[in-house]
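# Residue-level structure breakdown
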Amino acid sequence: MSEPTVTEKPEKPEIPAIRLEHITKRFGEVVANDDVNLTVYHGQILSILGENGSGKTTLMNMISGIYFPDHGKIYVDGQEVVIRSPKDAFQCKIGMIHQHFKLVDIFTATENIVLGLNEKGRFSLRRAAERVREISAKYGFELDPNKKIYEMSVSEKQTVEIIKVLYRGADILILDEPTAVLTPQETQKLFAVLRNMRDSGKAIIIITHKLHEVLSLSDQVTVLCKGKNAGTVQTAETNEEQLTEMMVGRKVTLNIDRSEPVNPVDRLMVQGISCKNREGTELLHDISFTARSGEILGIAGIAGSGQRELLEAIAGLQHVDGQILYHNPKTDQIDDLRDKTPVQIRELGVRLSFVPEDRLGMGLVGNMDIVDNVMLRSYRKGKSIFLERKAPKSLAEKIIRDLEVVTPSAATPVRRLSGGNVQKVLVGREIAASPTVLMAAYPVRGLDINASFTIYHLLNEQKEHGTAVIFVGEDLDVLLELSDRIMVISSGRIAGIVDARTATKEQIGLMMTKNTKVQTQEGGAADAG
Amino acid sequence: MMLVSFLQRAIMQGIPLLYGSTGEIVTEKSGNLNLGIPGIMYVGGIGGVIGAFLYEQHTDSLNPVLAVLIPLFCSMLGSFLMGLIYSFLTVTLRANQNVTGLALTTFGVGIGNFFGGSLAKLAGSDIPSINLTKTSKYFRTSFSGAKDLGWFGQIFLSHSFLAYAAILIAIITSFVLSHTRVGLQLRAVGENPATADAAGIRVGRYKYFATCIGSVIAGLGGLYYVMDYANGVWSNDGFGDRGWLAIALVIFAVWRPNISIFGSILFGGLYIVHMYIQNLDVSGQELFKMLPYVVTILFLIVISMRRKKEAQPPAHLGLPYFREER
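None of the values given here were measured: they were computed from a predicted structure. (Residues numbered from 1 in each chain as written. Chains lettered and ligands numbered in written order. Predicted model: local features only at pLDDT ≥ 70, side-chain atom pairs only at ≥ 80, totals over all residues. Heavy atoms only, no water.)

## Considerations on the overall build of chain B
We count it as follows: Working definition: helices are DSSP H or I runs of at least four residues, strands are E runs of at least two. Numbering for both runs from the N terminus. The reference for a compact globule is 2.2 Å times residues^0.38; the radius of gyration itself is calculated from the C-alpha atoms. For every residue, the accessible area (1.4 Å probe, protein chains only) is compared with the maximum for its type, and the residue is labelled buried under 20%, exposed over 50%, or partly exposed between those bounds. In what follows, a contact means two residues having at least one pair of non-hydrogen atoms within 4.5 Å. Calculation of accessible area relied on Shrake-Rupley with a 1.4 Å probe; when residues are assessed, cover is drawn exclusively from the protein chains displayed.
Assigned secondary structure in chain B consists of 14 helices and 2 strands. The C-alpha radius of gyration of chain B comes to 20 Å, within 12% of the 20 Å expected for a compact globule of 326 residues. Projected onto the principal axes, the alpha-carbon positions of chain B cover approximately 65 × 45 × 40 Å. Relative to its 326 residues, chain B shows a buried fraction of 52%. A sequence separation of at least 24 residues applies to 78% of the contacts in chain B between residues at least 6 apart. Surface exposure of chain B reaches about 15000 Å², of which carbon and sulfur atoms provide 68%.

## Examining the overall build of chain A
So the rule is basically this: The positive count covers Lys and Arg only, the negative count covers Asp and Glu only, and His and the chain ends enter neither. Charged groups are reduced to one reference atom each: NZ for lysine, CZ for arginine, CG for aspartic acid, CD for glutamic acid.
Across its full length, chain A carries 19 helices and 20 strands. Its C-alpha atoms give chain A a radius of gyration of 25 Å, within 12% of the compact-globule value 24 Å for 529 residues. Each of the 529 residues in chain A was classed as buried or not, and the buried ones make up 54%. Counting 65 positive and 70 negative side-chain charges, chain A places the centres of these two groups 6 Å from one another.

## With respect to the nonpolar core
Nonpolar side chains in soluble globular proteins tend to end up buried together. Quick note on the threshold: Note on terminology: a nonpolar core comprises buried Ala, Val, Leu, Ile, Met, Phe, Trp, Tyr and Cys residues joined through side-chain atoms within 4.5 Å.
Ile 162, Leu 173, Leu 194 and Met 197 of chain A are the most contacted members of the largest nonpolar core, which has 100 residues in total. Looking at this core element by element, the count peaks at 12 residues for helix α10 (residues 203–229) of chain B.

## Things to note about the packing of helix α1 (residues 2–29) of chain B against helix α7 (residues 161–179) of chain B
Residue and element names in this part refer to chain B. Here is the rule we go by: Convention adopted: a line fitted to C-alpha atoms gives each axis, helices being fitted over their contacting stretch, and angles between N-to-C directions are expressed from 0 to 180 degrees. Relative orientations are named as follows: roughly parallel for angles under 35 degrees, roughly antiparallel for angles over 145 degrees, roughly perpendicular for angles from 65 to 115 degrees, and oblique for any other angle. Put simply, a crossing is left-handed when the front helix is turned counterclockwise from the back one by less than a right angle, and right-handed when it is turned clockwise. Classes in brief: Ala, Val, Leu, Ile, Met, Phe, Trp, Tyr, Cys and Pro nonpolar; Asp, Glu, Lys and Arg charged; the others, Gly included, polar.
For the pair α1 and α7, interaxial distance at closest approach is 9 Å and the crossing angle is 25°. With respect to α7, the element α1 is oriented roughly parallel. Pair α1 / α7 crosses with left-handed handedness. Facing α1, whose interface residues are Ile 15, Leu 18, Tyr 19, Thr 22, Ile 25, Val 26 and Lys 29, α7 presents Leu 162, Ala 163, Ala 165, Ala 166, Ile 167, Ile 169, Ala 170, Thr 173 and Leu 177. Partitioned by chemical class, the residues of the contact of α1 with α7 number 13 nonpolar, 2 polar and 1 charged.

## Remarks on the domain arrangement of chain A
Heads up, the condition is: The split into domains, and so the bounds of each, comes from an automatic or database assignment of domains.
Per the domain assignment, the segments making up chain A are domain 1 (18–248) and domain 2 (261–351 + 437–443 + 468–529). For domain 1 of chain A versus domain 2 of chain A, the distance between C-alpha centres works out to 32 Å.

## Quick notes on the environment of Glu 474 of chain A
Residues and elements named next belong to chain A. Residue position: Glu 474 is located in the loop between β18 (468–472) and α17 (476–482). Taking the relative accessible area as the measure of exposure, Glu 474 reaches 30% and is therefore partly exposed. Through-space distance from the C-alpha of Glu 474 to that of Gly 280 is 27 Å; in sequence the pair is 194 residues apart.

## What to know about the interface of chain B and chain A
Convention followed: Each reported salt bridge corresponds to a side-chain nitrogen of Lys or Arg within 4 Å of a carboxyl oxygen of Asp or Glu. Polar contacts, as used here, are pairs of N or O atoms within 3.5 Å; protein pairs need one atom able to donate a hydrogen and one able to accept it. Residues neighboring in sequence count only if both atoms are side-chain atoms.
On the chain A side, the residues contacting the 18 residues of chain B number 20 residues. For the pair chain B and chain A, the interface holds 1 salt bridge. A salt bridge links Glu 111 of chain A to Arg 187 of chain B, with the shortest nitrogen-to-oxygen separation between them at 3.6 Å. The interface formed by chain B and chain A holds 2 residue pairs in polar contact (both at pLDDT 80 or more) in total. The set of elements that each furnish at least two residues to the side of chain B that touches chain A consists of α8 (181–191) and α9 (193–198) of chain B. The element contributing the most residues to the side of chain B that touches chain A is α8 of chain B, with 6 residues.

## Some points on the environment of Asp 219 of chain A
Residues and elements named next belong to chain A. Looking at the element boundaries, Asp 219 is found in the loop between α8 (211–217) and β9 (220–225). Of the residues examined, Asp 219 reaches a relative accessible area of 4% and is grouped as buried. Of the polar contacts made by the side chain of Asp 219, one reaches the side chain of Arg 198; its length is 3.0 Å.

## Re the sheet that holds strand β16 (residues 352–355) of chain A
All names here are of chain A. The cut-off we apply is this: Any two strands with at least two DSSP-identified bridges between them are counted as paired.
On the basis of which strands lie adjacent, the open sheet formed by 6 strands has the order β16-β17-β18-β13-β19-β20 and mixed pairing. At either margin of the open sheet sits one strand with a lone partner, and together these are β16 and β20 (493–499). On average, each strand axis in the sheet is inclined to that of its neighbour by 15°, with strand direction left out of account. Here 4 bridges tie β16 to strand β17 (residues 437–441), and the two strands are oriented parallel to one another. Residue pairing across strands places Leu 352 opposite Val 437, the latter belonging to β17. In this fold helix α15 (residues 419–432) packs onto β16 and β17, with an angle of close to 170° to the strand it touches most, β16.

## Topic: the packing of aromatic side chains
For the record, the criterion: The aromatic pairing rule takes the rings of Phe, Tyr and Trp, using the six-membered ring of Trp, and pairs them if the centres are within 6.5 Å, calling planes under 30 degrees apart stacked, those over 60 edge-to-face and the rest tilted. Two conditions define a charge sitting above a ring: the NZ of Lys or the CZ of Arg must be within 6 Å of the ring centre, and it must be within 35 degrees of the ring normal.
As enumerated under the stated definition, the model contains 12 aromatic pairs over all chains in all. Each ring, one from Tyr 225 of chain B and one from Tyr 229 of chain B, has its centre 5.6 Å from the other, and the planes form 25°; the classification is stacked. Linking Tyr 225 of chain B with Tyr 229 of chain B, this pair stays in helix α10, spanning 4 residues, or about one helical turn. With relative accessibility at 11%, the residue Tyr 225 of chain B sits in the buried group. Counting every residue linked through ring pairs, the aromatic cluster contains Tyr 42, Tyr 225, Tyr 229, Trp 234 and Phe 239 of chain B. Lying across the ring of Phe 68 of chain A, Arg 84 of chain A places its NZ or CZ 4.0 Å from the centre. When the ring centre of Tyr 167 of chain A is taken as origin, the NZ or CZ atom of Arg 131 of chain A, which lies over that ring, is 4.2 Å away.

## A word on a nonpolar patch on the surface
Stated formally: Residues forming no salt bridge and having over 30% relative accessible area are the ones grouped into patches, like charges within 9 Å of each other and nonpolar side chains (Val, Leu, Ile, Met, Phe, Trp, Tyr) within 5 Å.
Together, Leu 287, Met 290, Val 294, Ile 297, Leu 298, Ile 301 and Met 305 of chain B line one region of the surface with nonpolar side chains, adding up to about 700 Å² of accessible area. Tracing the chain through its elements places Leu 298 of chain B in helix α14 (residues 291–306).

## Quick word on the confidence of the model for chain A
All names here are of chain A. Selection rule: Per-residue confidence from the predictor is given as pLDDT, running between 0 and 100.
Across chain A, the average pLDDT comes to 85, with 93% of residues at 70 or higher. A low-confidence stretch, residues 1–11 stays under pLDDT 50, and its non-local contacts, those more than four residues away or across chains, total 9 contacts. Ignoring residues within four places in sequence, the model shows residues 516–529, a span with pLDDT below 50, making 16 contacts including any to other chains.

## A look at the pattern of salt bridges
Residue and element names in this part refer to chain A. Under the counting rule described, the total for this entry stands at 27 salt bridges over all chains. For Asp 339, the salt bridge is made with Arg 338, and the minimal N-O distance between the two is 3.7 Å. Relative accessible area serves as the criterion here: at 41%, Asp 339 is assigned to the partly exposed category. Judged by relative accessible area, which is 28%, Arg 338 ranks as partly exposed. Connected through salt bridges with shared partners, the residues Glu 260, Lys 463, Asp 484 and Arg 501 form a single ionic network.

Spelled out as structure tokens, the structure:
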């Protein structure tokens, strides 16, 4: 970890490549960045570390011209600059590589790289390809300039994106979670290239929440916590524990009422489920846990660690290996729900409710009104060939009344409601089915504090009714105060299941970012190399 | 001898389709699915007719250059305006492209028939058709030595300037699309406008230009039909379903105007092959007229099964582009 070459840099009295001073950015009520400072020098790699929603990407988007800061100043090479568009950013020699690639699928690498450029002279793809080869050779990329994007692996696409900004002469590179989509081997290659670029004097900012990457790659770390600077440290002088502590921040008390579970019964037994995506990457690995009635099981983890696939597997939307056993309280039977469709699951008499994270995609139909959305769960009822609209209508009105949904009427398309009200409609509908298992993925994402508490209250109420609640959350404070037990998952594996009454934020934060075996090895190899 | 005249007629049938499909390809490359092409070709035709009619009424001795330029200009102006309406509705107001296009087709056919009818009235004719043989003669001027060159001359050299222009335009369009910066950027807009936008390309502007230029090219197909193919006789609904054939040809040519050149002759041939088969009754003729569409459907099945990325329509075809706001 302590490479002597790394520690020399910061003492130099040179002008920083980029300096941010007191940057603040608000989105409506939400403060995404609050008085953030940051400095990077040429020939340095800076990591920006923070949890989901801590404002890392927002901050970088302000440097790359996508957002404009409400307050604060940006200096490039000591000069104050105003960056209002990606073009301005390029003029300042800033290039950002986004998490989602912006590439045209049927174009070659070269065509994508020169897209939008107005170079002098005749348009020649051959000459451009030559320059792409030069850049590749200089920094150690492996790229065929004439390969089509749709034939490329994710890592090759990322290479195209990086070369794209280098081709435009960027001196300051910002990479937004570049390793999220890469295999360990590809990550190592990327890091090697980034070190080459650092050594040739580029300033590099990398956004990440993987601690071992921060420690093995960067020279300096700036930690953001809830939109604020939590500190800047030299990588060589820090360790995982200190960074985690800075990242999760101090504990906040929320005063959510938490009752003791009343005679919990094992309701849902998940045994050894695994699944892979189409590319063959493992998304879930041997996940086993039990959800009990009258209990809230919190699920904590970095976004994209497999939470979505896990819930979809239980809901019957995702094919997995393993077993998902459901203990039916009425018949006392045990059924395997694996690979059954949602309709089959319902026909088994399983009352399963699912509040997906994608409210207006998977949860509700935006263009339909509240009554129609409520009816999506009950349209099979009734014998007549016409739809039974009375019951759903009164249910919709009940949801509006009980959950205080702010809407002109039950006939308003849900798309026109605010996020909090959309979520109330969705949760209200799912709860109305009086479920025995209720799964909620990020149910308070984007909601204000009052709406959030309404949702917490509803989940607690379900728990008291004896429902087994599975709650996927991102705010550790909430998870700690709402759940009875917390299962922490990291890269598709269970990192541990802890008692929420005794666990601490730091403990969970460390488990979330804990390296799995594979990653420890490559992390170690990176340090050695 | 029959084969020679068949091929010559096939080319003449194909030229309006070639104009239409080249125009539609340019438009579709920007991501705009312009189903208004049949209407636009109609407007292109009637525009030329109006220009020629007014000029013929104005003077008795036609100046050959003006007799060509006036109808040409009127035709281009008409189809340009149609393209402008389409762009304004779909790009600026983000209206649904299919609905807008179909509305324009209905509108264009209506305009054509309306003005066709009124001009016929002005000319004092009983039937809704206008005779512009004088103007047509200038349009149909062709290479005089063609007759001496036998079958070769008849097939390849007997055509008018608009026919060669169609082929030239198709070749130029092909080159621009695949070998120039503008073409690359236009294709990027149709494939992935968000990426194009991020690369600093003015997406809306490209869509406007491509649609209007495409409409003008397509409109020339209508002009060719009236002035060359129909010998300057405009009759209402005479243009038939050639506009739809042009759109089918776009698929057949896998969005490449150079393939469209051969495709148009093939389609033209299939369209008239029934006239060269003896003893066909009316129902048989209609079955034969179906051939181009059958070929297109079969072709669609084949290219969909092959799943070759380059043979697919532009990825963002038919979809409006919103810059993400937040």
